[in-house]
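The residues making up each chain are set out below.
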Amino acid sequence: MKVLVSDKIADSAAQALKDMGHAVTIKTGMTPEELIEFIPPFEAIIVRSATKVRKNVMDAAPNLKLVVRGGVGLDNVDLDYAKEKGITVNNTPTAASLSVAELTIGHMLSLSRYIALADSTMKDGKWNKKQYKGHELSNKTLGIIGCGRIGKETARIGINGFKMNVIGFDPYVKECNDPCIEMMDIDKIFEKADYISMHLPLTDDTKHMISVDEFKKMKDSAYFVSCARGGVVDEKALTNALKNKDIAGAALDVFEKEPNERCELFDQDNFEATPHIGAQTFEGQSRVGDEIIKILKEYI
Ligand code: NAD
């Protein structure tokens, strides 16, 4: 097949595609207009999150039969239109779950022990030892909102690594025994959890599902982390919650606008940020590559 790789994938995966006999072209960083010019001869396109495969791209691609999204969300592919055109769309949903879960726990540790803040203030010449008395994760209550693949992986690390008591909310998961998550109403999560972590997609139902009222319902000692999708959390409400000390701290890996602009959130000492790097590990990317190869083999 003539395969276009329009976002970065592991070098080993690109090589494996070539070894399978495909005519592989790697061209990343194209503008939408450039992609429309470039795509006509290709039968398959491999994308991550940057390339948008919308109606205009599919209309410009008469030979396109397969879209492979390396990663979880499919919000950058127009699924209905692909179906209408008979184009198969696949993703690699499990490959990076562990990477995202580990980053989530990393943020919890960093917030609780002021790791990011201590690092930046030390580099500014300050020795704030007394100000940075923190908390242990061990034996605390972890609330998971969205108990799918990443939510469960995060729960597993919380249970096995820190003996955390894990509680969860997910309208589509009534019971979860592996790992053991006690399912309950979302308001109960806000009431009980010392750490709250979001692991659900952005949909019409989940847009700004964590806003002013929800932050007010959380413990003022709670730490809030979202490595889910920008827009699930109302960033203005989060800024105010941090300013008003409604919660103890928060970390985001995902933003309503990416790349985002500097905003008031970044002026809060009890806030830390990472630039959507949840899935960015060598191990996770290598598994994404393996799954892409598998999808192509199965398709053929
Ligand atoms: P998943 O589909 O396995 O799990 C999502 C869960 O959310 C499901 O169990 C679903 O029932 C639940 N859910 C849906 N609506 C809900 C609601 N209103 N309230 C509570 N739960 C709800 O997906 P996953 O692989 O676990 O990924 C979760 C999210 O993580 C993805 O949708 C994606 O947005 C995000 N993600 C981020 C990164 C990153 O780099 N930070 C990487 C991969 C995925």
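Visitor: Please provide a residue-by-residue account of the sheet that holds strand β9 (residues 195-198), values included.
Guide: Strand order in the open sheet formed by 7 strands is β8-β7-β6-β9-β10-β11-β12, with parallel pairing between adjacent strands. On the outer flanks of this sheet lie β8 (182-183) and β12 (271-273), each paired with one strand and no other. Where β9 meets strand β10 (residues 223-226), 4 bridges bridge the pair, whose relative direction is parallel. Looking across to β10, one finds that Y195 is bridged to Y223. Contacts from helix α7 (residues 149-162) reach β6 (141-145) and β7 (165-169) within the one sheet, and its direction differs from that of β6 by about 175 degrees.

Visitor: Explain the pairing of strand β1 (residues 2-5) residue by residue, including any values.
Guide: Sheet topology places β1 next to strand β2 (residues 23-26); 4 bridges connect them, and they run parallel. Residue pairing across strands places L4 opposite T25, the latter belonging to β2. Tracing the backbone out of β1, into helix α1 (residues 11-19) and back to the parallel element β2 gives a crossover that is right-handed.

Visitor: Lay out the site of the ligand with the relevant residues and their values.
Guide: In the vicinity of the ligand lie 23 residues, with R149, I150, D170, R229 and D253 positioned nearest. Between an oxygen atom of the ligand and a main-chain N or O atom of R149, the distance comes to 2.9 Å. Taking A279, its main chain carries an N or O atom lying 3.3 Å from an oxygen atom of the ligand. Computed on the free molecule, the ligand has an accessible area of 860 Å², of which 86% lies beneath the protein chains in the complex. Taken together, the residues of the shell around the ligand break down into 13 nonpolar, 6 polar and 4 charged.

About the thresholds
The residue numbers shown here count from 1 along each chain, following its written sequence. It should be noted that, the model being predicted, local features are given only for residues of pLDDT at least 70 and side-chain atom pairs only at 80 or more, the latter also being counted only at that level, while totals for whole chains, interfaces and linings use all residues. Only hydrogens and water are removed before side-chain values are computed, so all heavy atoms of the structure are retained for them. A pair of strands counts as paired when DSSP detects no fewer than two bridges linking them. For helices the rule is a DSSP run of H or I covering at least 4 residues; for strands it is a run of E covering at least 2, with both sets numbered from the N terminus onward. In what follows, residue pairs with any heavy atoms lying within 4.5 Å of each other are defined as contacts. Here the axes come from fitting lines to C-alpha atoms, over the contacting stretch only for helices, and the angles between their N-to-C directions go from 0 to 180 degrees. Throughout, right-handed denotes a crossover for which the path from the first strand over the helix to the second runs clockwise when the strands point away from the viewer. Residue proximity to a molecule or strand is established when one non-hydrogen atom of the residue lies within 4 Å of it. The term polar contact refers here to a pair of N or O atoms within 3.5 Å; inside protein, the definition further demands a hydrogen-donor-capable atom paired with an acceptor-capable atom, and it admits residues adjacent in sequence only when both atoms are side-chain atoms. Note that accessible areas follow from Shrake-Rupley with a 1.4 Å probe, and for residues the cover is restricted to the protein chains shown. Side-chain classes are defined by residue name, with Ala, Val, Leu, Ile, Met, Phe, Trp, Tyr, Cys and Pro counting as nonpolar, Asp, Glu, Lys and Arg as charged, and the others, Gly among them, as polar.

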